[in-house]
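# Close look at the chain arrangement
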Amino acid sequence: MDACCPVCPSAARRSSFDPRAVRRDFPVLQQTVRGRPLTYLDNAATTQKPSEVIQAVCQYYGTCNANVHRAFHFLAEEATRRYEEVRKSAAAWIGAGSPREIVFTRGTTEGVNLVAHAWARKFLKPGDAILLTEMEHHSNLIPWQLAAKAAGASLRFVPVLPDGTLDLDAFAAHLAAGGVRLAAVTQMSNVLGTVNPVRDLAAAAHKAGALVLVDGAQSVAHMPVSVRDLGCDFLAFSGHKMCGPTGIGVLYARADLLETMDPFLGGGEMIDRVGLEESTWAEIPHKFEAGTPNVSSAIGLGAAFDYLNRLGRDTLAAYERDLTRHAVAALRALPGVRVYGDAPERGGAVSFAVDGVHPHDLAQFLDGDGIAIRAGHLCCQPLMRRLGVPAVNRASLAFYNLEEEVARLADAVVRARAYFGHGP
Amino acid sequence: MDLDALYQEVILDHYRSPRHAGAVADAEVAAEEVNPSCGDHIRLAVEVKDDRIAGVRHESHGCAISTAAASMMSEFAVGRTPDEFRRTADAFVAMMRGEREWDSQGMEDVEALSGVRDFPMRIKCATMCWHAMKKALEKADR
């Protein structure tokens, strides 16, 4: 059997994973668009959902829909039990010490905003600094702009080098300059695919007395991530980018930090004793989950954890790594095509420019072939300025993509270039 | 969906060789528009003499539709009075939004943009330059 092959583990890995079989789990991928097979290459925006996840959501509504943590009837107990089971799965998924450190959110954006409100606005003082990078998604930038303004703190930025990696010397220099209380960094760029050395960054930041928040929106979906291994203090990610439903995400935060933070939203569920003038808060993590949570999506996320665990995270990551390498090489081989970023460790978001064809025109042209990519600033306007362009094309891969889909993309890019006649 | 209905030959021709195009220095900018969803960007310089648009220069950084639209709009504008231009611009924008029946308003090449109406995400690409020109004329009037 291939899996026993001692010489070529990657060949064994490839042969043991069958993306064609896996594709059958995804109803969306079975359709044709404009008479051609759907080629879905916008996975960094959101991934498709396997039947198991869709059914878990339906099954929840069909069998045990109830509000959680309130009533004492059968349905409420079952809904609460399942909801809390997913919290445990989420803790295991990212190597958190306890489910008490898992706060359910709507997604990464809400997770970052929660920390920006509940931690930054309480603890930052005038003169303090938040250290960010130029490759951050707007969702790991705007919340800090707002919090810094409110607290009288300042923002500092680590530049991106021409190869798409962070200027690590600048990171160290910013820390050495003092005053940095928090470093907030993406683990995997949604534009360049760059995987940042978060473990090293966290160690350096801690030495300088700063906490570390990791934007895991891209990374948690595509590579094994352990908060204990990274040594980060906060990590936020989204369910819908990893085969789960929309509207559910996770914020990991160290328990001792959650204890000291103020609530984010106020309302039901997050309270202990409520008076007319003053109230006290529920235990963590419930203190941060005001209102009826998105129970159905949480249960769908639980099904996504199970599904991905069964396929094997290492297996999926290895397949995506090979496919990404193939896609980058295939695009680089085309005349007039430039791929942005060349980090030694990278994920499956591949941004590129086509000489003479504006990204919106390319995306429109590809759509005519049933190929879905993303075109635009990708919620990273500062990074676009660093790259010197207003917009890019991005093809982003998942484990259900095939080499033949990459070939379809490359072929269509060549035809688009001929169609638009190499531009003005 | 027919891609050729969106990218008609006349549009691609204006895209490949835009008329009245050229760099616009900061000091001459009469109006500037940006489409925040895609970063498309147009800068206009305009000259009005004796109540006639005597010259237009546009610097467009954008897709085929927005570049071609700026080229066609500039061709149309030269020789018109600002009032004529404004009336046609308002009619054009209303047509693109589907708020009024399409008629070419005596503009030949501009007819080719009618296909853009079937692509709602792209309508702003075709209308941005007309808004920019109206702004530029306001400034020239003052």
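The preceding data block contains the structure.
Anyway, here's the lowdown on the structure attached to this text. (Residues numbered from 1 in each chain as written. Chains lettered and ligands numbered in written order. Predicted model: local features only at pLDDT ≥ 70, side-chain atom pairs only at ≥ 80, totals over all residues. Heavy atoms only, no water.)

This part takes up helix α14 (residues 359-367) of chain A. In terms of burial, α14(A) is a largely internal element, eight of the nine residues being buried. Where α14(A) is concerned, the buried positions are Pro359(A), His360(A), Asp361(A), Leu362(A), Ala363(A), Gln364(A), Phe365(A) and Leu366(A). (Buried < 20%, exposed > 50% of the residue type's maximum accessible area, 1.4 Å probe, protein only. Helix = DSSP H or I, 4+ residues; strand = E, 2+ residues; numbered from the N terminus.)

Okay, the pattern of salt bridges next. Residues and elements named next belong to chain A. Applying the stated criterion to the full structure yields 39 salt bridges over all chains. In this structure, the salt-bridge partner of Glu 52 is Arg 310, at a minimum N-O distance of 2.4 Å. Of this pair, Glu 52 sits in helix α3 (residues 51-63) while Arg 310 sits in helix α12 (residues 295-311), and the two are 258 residues apart along the sequence. By relative accessible area, Glu 52 is classed as partly exposed at 30%. For Arg 310, a relative accessible area of 56% translates into the label exposed. For the salt bridge of Glu 84 with Arg 87, the shortest nitrogen-to-oxygen distance reads 2.7 Å. Taken as a pair, Glu 84 and Arg 87 lie in helix α4 (residues 74-93) at a separation of three residues, close to a single helical turn. The pair formed by Glu 84 and Arg 87 is uniform in burial state, with each residue classed as buried. One salt-bridge network, held together by shared partners, links Arg 36, Asp 369, Asp 411 and Arg 415. (Salt bridge = Lys/Arg side-chain N within 4 Å of Asp/Glu carboxyl O.)

All names here are of chain B. On the basis of which strands lie adjacent, the open sheet formed by three strands has the order β1-β2-β3 and antiparallel pairing. The open sheet has two edge strands, β1 (31-35) and β3 (52-61), and neither has a second partner. Neighbour to neighbour, the strand axes of the sheet diverge by 20° on average, direction disregarded. Bridge count between strand β2 (residues 40-49) and β3: nine bridges; the pairing is antiparallel. Bridged to Val 46 within β3 is Val 56. In the packing of helix α3 (residues 64-77) onto the sheet, contacts are made with β2 and β3, and the angle to β3 comes to roughly 170°. (Pairing = 2+ DSSP bridges. Axes fitted to C-alpha atoms, helices over the stretch in contact; angles between N-to-C directions. Contact = heavy atoms within 4.5 Å.)

What follows is about the packing of aromatic side chains. Describing an aromatic ring pair means giving the distance of the ring centres and the angle of the ring planes. Under the counting rule described, the total for this entry stands at 20 aromatic pairs over all chains. Centre to centre, the rings of Phe365(A) and Tyr419(A) are 5.3 Å apart; their planes meet at 55°, and the pair counts as tilted. A residue pair is termed long-range when its members are at least 10 positions apart, and Phe365(A) in helix α14 and Tyr419(A) in helix α16 (residues 403-419) qualify at 54 residues. Assessed through its relative accessible area of 6%, Phe365(A) is described here as buried. The buried category is assigned to Tyr419(A), whose relative accessible area is 19%. Taking the centre distance of 5.3 Å and the plane angle of 65° together, the rings of Phe399(A) and Tyr400(A) count as edge-to-face. Site record: aromatic cluster; members linked through ring pairs are Phe365(A), Tyr419(A), Phe420(A), Tyr7(B) and Tyr15(B). When the ring centre of Trp93(A) is taken as reference, the NZ or CZ atom of Arg313(A) above it lies at 3.5 Å. (Phe/Tyr/Trp six-rings, centres within 6.5 Å; stacked < 30°, edge-to-face > 60°. Lys NZ or Arg CZ within 6 Å of the ring centre and 35° of its normal.)

Within this model, the largest pocket holds a volume of roughly 490 Å³. Along the wall of the largest pocket there are 20 residues; nearest its centre are His360(A), Ala363(A), Gln364(A), Ile373(A) and Met121(B). Those elements that provide at least two residues to the lining of the largest pocket are α14, β15 (371-372) and β16 (374-376) of chain A together with α5 (123-141) of chain B. The leading source of residues in the lining of the largest pocket is α14(A), at four residues. The residue inventory of the lining of the largest pocket, partitioned by class, reads eleven nonpolar, five polar and four charged. (1 Å grid on protein atoms, 1.4 Å probe; cavity = no way out; pocket = protein on both sides within 12 Å on 5 of 7 lines; lining within 4 Å. Points joined across faces, edges and corners; volume = space filled by probe spheres on them. Nonpolar A, V, L, I, M, F, W, Y, C, P; charged D, E, K, R; others polar.)

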